[in-house]
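Here is what each chain is made of, one letter per residue.
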Amino acid sequence: MGVTAGTRAVGAVLALDAGNSKTDAVVVTADGRVAGAARGKGYRPPVVGVAAAVDALADTVARAFAAAGVTSVRHVSACLANVDLPAEERQSESALRTRAWGTSLQVRNDTFAILRAGADGPLGVAVVCGAGINCVGMRPDGRVARFPAIGRISGDWGGGWGLAEEALWHAARAEDGRGGPTALARALPAHFGLGTMYELIEALHLGRIADARRHELTPVLFATAADGDAVALRLVDRLAEEVVAMAAVALTRLDLLAERTPLLLGGGVLAARHPQLDDRIHELLAERAPKAEVRVVTAPPVLGAALLGLDHLGAQRRAHDRLRAHYEA
């Protein structure tokens, strides 16, 4: 439970991990115990606006507070999707402050939650490959490295959505003769019970297959690569190159390239541990960042948001260990 300040029950940390599709809110005590938790809707300011996106968080936070028996916290650690630029962080921070959920507040991109969930402290670099791709790094002195990570206009390539798009492009051209042969031309439509790429293109274009289901094609791409298809293998290799390029740049910016530093890999694509991708990433790291210590993060990102909150409060190490044990048991 929280401590009492006047007539209010006050917790230590409210940790928010807010993705596109869901939000996890957790209230943590100063000694690292989870006092209350709730799950709710995602955080999508590009779609609904910042104010409405924060409104969507309010119910989730209220349920987490109720479960913990508190009405506010000392610190809010909010790791949010769709805050890729410092200007977007400031907008979200301003909107969150109006809620008065905590005495202090820090807003970060949600990739920082995955970094801290996998690192022993506020030191390391994380590359996340889920629907998109992103990379951040941090040092205990407060220095950070990051990328805009808003798509092709910021130089990005990869992520589950991008891989599916590339696979469709190559498969379509293989079927109609504009490109070379690839087993993707059969494997992609077969996943939806269709016989040709033309049928799949038509079904996607006319909405008979929901656009959101394109993400299902990423595992098909990896399976096709595992069977030795040259086109699929090239796409997997290119993703490995992107992961290592981002990691090496972030390590260099933070003056960590020559030091043993955790490199955290997270998100659905990297956490799936596809052998071709894993092997190629390690080969490239041996050339570009040999001191990087690779760890695949499978713990929930809200753990990282909560650890960042305990870092802010200067909590003792045993509080961090207790919290980690709760999520990693």
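Provided above is the structure to which this section pertains.
Residues numbered from 1 in each chain as written. Predicted model: local features only at pLDDT ≥ 70, side-chain atom pairs only at ≥ 80, totals over all residues. Heavy atoms only, no water.

Peer 1: An account of helix H8 (residues 217–226) is needed here, citing residue identities and associated values.
Peer 2: Burial runs high along H8: 7 of the 10 residues are buried. All of the buried residues in H8 are Leu-217, Thr-218, Val-220, Leu-221, Phe-222, Thr-224 and Ala-225. The inward-facing, buried residues of H8 abut helix H5 (159–176), helix H6 (184–191), helix H9 (230–253), helix H10 (268–271) and helix H11 (275–288). At the exit of H8 stands Gly-228, carrying a positive phi of roughly 95°. (Buried < 20%, exposed > 50% of the residue type's maximum accessible area, 1.4 Å probe, protein only. Helix = DSSP H or I, 4+ residues; strand = E, 2+ residues; numbered from the N terminus. Contact = heavy atoms within 4.5 Å.)

Peer 1: Explain the pairing of strand E7 (residues 124–129) residue by residue, including any values.
Peer 2: Counting buried residues along E7, 6 of its 6 residues qualify, which places the element largely inside the surrounding structure. Neither face of E7 is left uncovered, since the one carrying Gly-124, Ala-126 and Val-128 and the one carrying Val-125, Val-127 and Cys-129 both have all their residues buried. With 6 bridges joining them, E7 and strand E8 (residues 133–138) adopt antiparallel strand pairing. Paired with Cys-129 across the two strands is Ile-133, which belongs to E8. Between the end of E7 and the start of E8, which pair antiparallel, lie 3 residues. (Pairing = 2+ DSSP bridges.)

Peer 1: Let's hear about the nonpolar core: which residues, and what values?
Peer 2: Residues Val-127, Leu-188, Leu-239, Leu-277 and Ile-281 are the most contacted members of the largest nonpolar core, which totals 53 residues. When residues in this core are grouped by element, the largest group, 12 residues, is from H9. Leu-188 has contacts with Ala-167, Leu-168, Ala-171, Met-197, Leu-200, Leu-217 and Val-220, leaving out every residue within four places of it along the chain. Counting residues in each nonpolar core, the second largest holds 28 residues, with Val-28, Val-297, Leu-310 and Ala-319 among its members. (Core = buried A, V, L, I, M, F, W, Y, C linked by side-chain atoms within 4.5 Å.)

Peer 1: Which residues make up a nonpolar patch on the surface, and what values go with them?
Peer 2: On the surface, a cluster of nonpolar side chains totalling about 290 Å² of accessible area is made up of Leu-85, Ile-150 and Ile-153. In this structure, Ile-150 sits in the loop between strand E9 (144–146) and H5. (Patch = residues over 30% accessible without salt bridge, like charges linked within 9 Å, V, L, I, M, F, W, Y side chains within 5 Å. Areas by Shrake-Rupley, 256 points an atom, 1.4 Å probe, with all protein chains shown as cover. Salt bridge = Lys/Arg side-chain N within 4 Å of Asp/Glu carboxyl O.)

Peer 1: Describe in detail unusual backbone geometry, supporting the description with residues and values.
Peer 2: Of note, the phi angle at Ala-149 is positive, near 55°, even though the residue is not glycine. Relative to the elements of secondary structure, Ala-149 occurs in the loop between E9 and H5. Backbone geometry at Asp-255 places phi at a positive 55°, although glycine is not the residue there. Relative to the helices and strands, Asp-255 is located in the loop between H9 and strand E10 (261–266).

Peer 1: Describe the packing of helix H2 (residues 50–68) against helix H3 (residues 86–97), and please don't skip the residues or the numbers.
Peer 2: Helix-helix packing is characterised by the crossing angle of the two axes and by the distance between the axes. Interhelical geometry of H2 versus H3 gives an angle of 50° and a closest axis separation of 10 Å. On the basis of the axis angle, H2 is oblique to H3. Along this stretch, H2 crosses H3, giving a crossing that reads as right-handed. On the side of H2, the interface is formed by Val-50, Val-54 and Leu-57, while H3 contributes Gln-91, Ser-92, Ala-95 and Leu-96. Residue composition of the contact of H2 with H3, by class: 5 nonpolar, 2 polar and no charged. (Axes fitted to C-alpha atoms, helices over the stretch in contact; angles between N-to-C directions. Parallel < 35°, antiparallel > 145°, perpendicular 65-115°, else oblique. Left-handed = near helix turned anticlockwise from the far one by under 90°. Nonpolar A, V, L, I, M, F, W, Y, C, P; charged D, E, K, R; others polar.)

Geometric values such as these leave the question of function open.
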